[in-house]
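Observations on the model geometry
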Amino acid sequence: MNDFSELEKELRKLRPAQPSSVLFERVGDALKDCRASAAADAKPRRWRFTEWSRRRASDIDGKLVRARERERTSQTPYSNWWSLGFGLAAAAVLILFAVVTMERRHEERETIAQSSTAPKTQPAPLRAERSTVPSRFVPAGGTNLVYNTRDEGLHFADGSERPLRRVRYNTQQTWRWRNPETGASVRVSYPSEEIVLIPVSVQ
Amino acid sequence: MEPIASHENWRNCFSEVAPGLLLFARQWVQSAADAEDIVQDAFVKFWRRNHNIHNRGLLYSAVRSLALDFIRRDARRARREATALAEAEPAIEPHFELEDDAQSALAAAVESLPRDQREVLVLKIWNDLTFGEIAGALGISQNTAASRYRYALTNLKKTLQPQ
């Protein structure tokens, strides 16, 4: 190891690049956040696309990252606000949609109730309507797509002396039903496997 | 040394370890900004869990694992950047603060080492970790750590020898 002592000394003289002052601020903020909320995990705050495009620009210009760092950290709060804003907007739309749907259903029920002259028989049409809705769907077609075929060679069935070739097919079956009145369609697709035994005649 | 995570002032502690940590993180990521993100994440996690100096290897292990996660997660972005940067001039983000040509040559030689040797060298020289701590951080045996260190120095010596 003594052979390397000079080299080690030279290596130790090399000083690693210092972190930016912004990093200290970010760590400080993250630790502060941690104290405020134990659940909040300290993820690096960044806006990837902005950061990437800025980096590319600065690299092409041959400039160092200092200015970029300042720019980037000045942008970071916005990424959180944007996410929060989008989240709230999405939640508001969902709530609005749910409310509208519920109101519409409520109105439909009221209309049915008002137009019915025989209150005793009122549930019957509803049940009938519900039960007939699925029956309006008629088969509209089906496909059986074979996406893999494997020849598993010759086999002898139990007690048989005649060889059989076993072929395994992997398929994707798709069935469609369509409601001619509303135009709605239902599609069911599932993978399946089929094994076919083909008698082989030996001559 | 006193427990690293019991400092009242995390700033002192962080300023001691940050340059070495950054250098270590940059074994995997080219960009200094990405390395800083990784170091920030690792240090904050380490600090929150109140690890002490005896578990210092954990801090480096965390940096390594976050860096590897980063590479996996951002492989697409990295490819895109590599394509963009290949067309542009190479970015100058030195790993070291260089004072003269001899140091530049030495730094270049370090950067040309295989990654497994370089990470041991970085942990040993610029982070003052013992072989035991290096072994813990990298998930290898102490003997492997020591032999990688020896290989790294041998390779450096060969590279720096005048032709």
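1. What to know about the pairing of strand E4 (residues 185-199) of chain A
All names here are of chain A. Burial runs low along E4: only zero of the 15 residues are buried. Note that strand E3 (residues 163-178) and E4 share 15 bridges and pair antiparallel. Bridging across to E4, Thr171 finds its partner in Ser192. Linking two consecutive strands that pair antiparallel, namely E3 and E4, is a turn of six residues; a positive phi of about 85° is found at Gly183 within it.

2. Here's the deal with the sheet that holds E3 of chain A
All names here are of chain A. Overall, antiparallel pairing links the three strands, which are arranged E2-E3-E4 in an open sheet. Where the open sheet ends on each side, the last strands, each with one partner, are strand E2 (138-156) and E4. Between one strand axis and the next, the sheet turns through 15° on average, direction left out of account.

3. A few points about the nonpolar core
Core analysis: the largest hydrophobic core is formed by 49 residues, its most contacted members being Ala25, Ile38, Val39, Ala42, Val63 and Ile134 of chain B. Listing elements by their share of this core, those giving two or more residues are helix H2 (21-36) of chain A together with helix H1 (10-25), helix H2 (32-48), helix H3 (56-73), helix H5 (101-111), helix H6 (115-126), helix H7 (131-138) and helix H8 (142-160) of chain B. Among residues more than four places away in sequence, those in contact with Ile38 of chain B are Ala25, Val29, Val63, Leu66, Ala67 and Phe70 of chain B.

4. A closer look at the confidence of the model for chain A
Residues and elements named next belong to chain A. Mean pLDDT over chain A stands at 71; residues scoring 70 or higher make up 62%. Helix H3 (residues 48-61) is the least confidently modelled element of chain A, averaging 42 in pLDDT, while strand E1 (residues 15-16) averages 90, the highest of any element. Contacts from residues 39-43, a stretch scored under 50 in pLDDT, to residues over four places away or in other chains number nine contacts. Below a pLDDT of 50 lies the segment residues 47-71, which in the model reaches 34 contacts outside its immediate sequence neighbourhood of four places, other chains included.

5. A short note on the environment of Val39 of chain B
Residues and elements named next belong to chain B. Tracing the backbone shows Val39 in helix H2. Between the C-alpha atom of Val39 and that of Arg64, which follows or precedes it by 25 residues, the distance is 9.4 Å. Contact partners of Val39, with chain neighbours within four places excluded, come to Ala18, Leu21, Leu22, Ala25 and Val63.

Criteria and thresholds
Residues numbered from 1 in each chain as written. Chains lettered and ligands numbered in written order. Predicted model: local features only at pLDDT ≥ 70, side-chain atom pairs only at ≥ 80, totals over all residues. Buried ≥ 20, exposed ≤ 12 C-beta atoms within 10 Å, placed from the backbone. Helix = DSSP H or I, 4+ residues; strand = E, 2+ residues; numbered from the N terminus. Pairing = 2+ DSSP bridges. Axes fitted to C-alpha atoms, helices over the stretch in contact; angles between N-to-C directions. Core = buried A, V, L, I, M, F, W, Y, C linked by C-beta atoms within 7 Å. Contact = placed C-beta atoms within 7 Å. pLDDT = per-residue confidence, 0-100.

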